[in-house]
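One-letter residues, chain by chain:
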Amino acid sequence: MRGLSLDQLRTFAEVVRASSFSGAAARLNLTQPAVSLQIRQLETRLGVRLVERVAKRATPTAAGRDLLVHAGRIEAEVAAAVEAMAEHAGGAPGRVRVGTGATACIYLLPPVLRALRRRLPSLEIVVSTGNAVDVLRLVEENALDLGLVALPASGRAFAVTPLMEEAFVAVAPAEADDLPPVVAPAALAGRPVVLYEPGGQTRRIVDDWFARAGVSLKPVMELGSVEAIKELVGAGLGCAILPAMAVAQAPGLAVHQLAPRLSRRLGLVLRRDKPLTRGLREIIAALHEATLDRA
């Protein structure tokens, strides 16, 4: 370990995450030359090339990818050590980085975080939103401590705990609702439908629901925001299929059950080798408690 700098490892990880030296510099509040110097020093210390520029993007070499895994573990162990010392010094629960989708962030997390803040005011919680693929990548890189995502979540590095089953419903504008009480895929064929943008787990679940019924659907719009979809439906621009928790209180929308039933499982994902700090244990326990009534 002599001569191996934790700051250099962190800078290297940020360069990879940002795919650029300038992006890493902005995140770390450093100058770009300072970032470049730290990477050169780290490469000299290890005797290997860690980063290469391809099409104006900074990408890790094979050695860099291997180091990134170790750097994540080192960062986790250092954070755990610091938190352990903080607990000895004053009982501080530390800092936890959580990644999740927009729906859970808006409709599931707020009461959980509010209760935790009241009970543990010194617990620092940083929440990032993104699709499941991005959240899992960041968990694997240890850029996030915990992921709350739609399952399945594949990867040997992950410990996965199912948390709750979340039903989907069909929604239509309340003032022009002519959908049947229970909506089958065929009932939406030929209608204007607004769906999540492609590439995410939620869109795949909905597409599979239509495909199993032999319905080929061409959405009129594809958006990445559940709130934007609700606004468009409320304005009369089409129907949509959304998580039930997102429309529990949605004036202006008519809500219909689906047949066959459609749902997704939400789960907690963290690295198998992730130290369970006090703050992380508290958040996991709070999420389990909050979703008992929703299961």
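Rules behind the numbers
- Residues numbered from 1 in each chain as written.
- Predicted model: local features only at pLDDT ≥ 70, side-chain atom pairs only at ≥ 80, totals over all residues.
- Heavy atoms only, no water.
- Buried < 20%, exposed > 50% of the residue type's maximum accessible area, 1.4 Å probe, protein only.
- Helix = DSSP H or I, 4+ residues; strand = E, 2+ residues; numbered from the N terminus.
- Pairing = 2+ DSSP bridges.
- Axes fitted to C-alpha atoms, helices over the stretch in contact; angles between N-to-C directions.
- Parallel < 35°, antiparallel > 145°, perpendicular 65-115°, else oblique.
- Left-handed = near helix turned anticlockwise from the far one by under 90°.
- Contact = heavy atoms within 4.5 Å.
- pLDDT = per-residue confidence, 0-100.

Right, let's get into the pairing of strand β5 (residues 146–150). Of all the five residues making up β5, five are buried; the element is thus mostly covered by neighbouring parts of the structure. Note that strand β3 (residues 95–100) and β5 share three bridges and pair parallel. Its bridge partner lying in β5, Gly99 is registered against Gly147. With four bridges joining them, β5 and strand β12 (residues 263–271) adopt antiparallel strand pairing. Bridging across to β12, Leu148 finds its partner in Leu268.

Next up on the list: the packing of helix α6 (residues 109–119) against helix α11 (residues 278–290). The interhelical angle for the contact between α6 and α11, taken along N-to-C directions, is 130°, at an axis separation of 10 Å. As the angle between them shows, α6 and α11 are arranged oblique. Note on packing geometry: the crossing formed by α6 with α11 is right-handed. When α6 is examined against α11, the residues Leu109, Val112, Leu116 and Arg119 are found in contact with a partner set consisting of Glu282, Ile283, Ala286, Leu287 and Ala290.

A few words on the pairing of strand β2 (residues 57–60). Side-chain alternation along β2 places Ala58 and Pro60 on a buried face and Arg57 and Thr59 on a face that remains uncovered. Pairing geometry for strand β1 (residues 51–54) and β2, over four bridges, is antiparallel. Within β2, the position partnered with Val54 by the bridge is Arg57. In sequence, β1 turns back onto β2 through a hairpin of two residues, with Ala55 there showing a positive phi of about 50°.

What follows covers the confidence of the model for the protein chain. For the protein chain, mean pLDDT is 89; residues scoring 70 or higher make up 95% of the total. For the protein chain, the element scoring lowest by mean pLDDT is helix α4 (residues 62–90), at 81; strand β7 (residues 182–183) scores highest, at 96.

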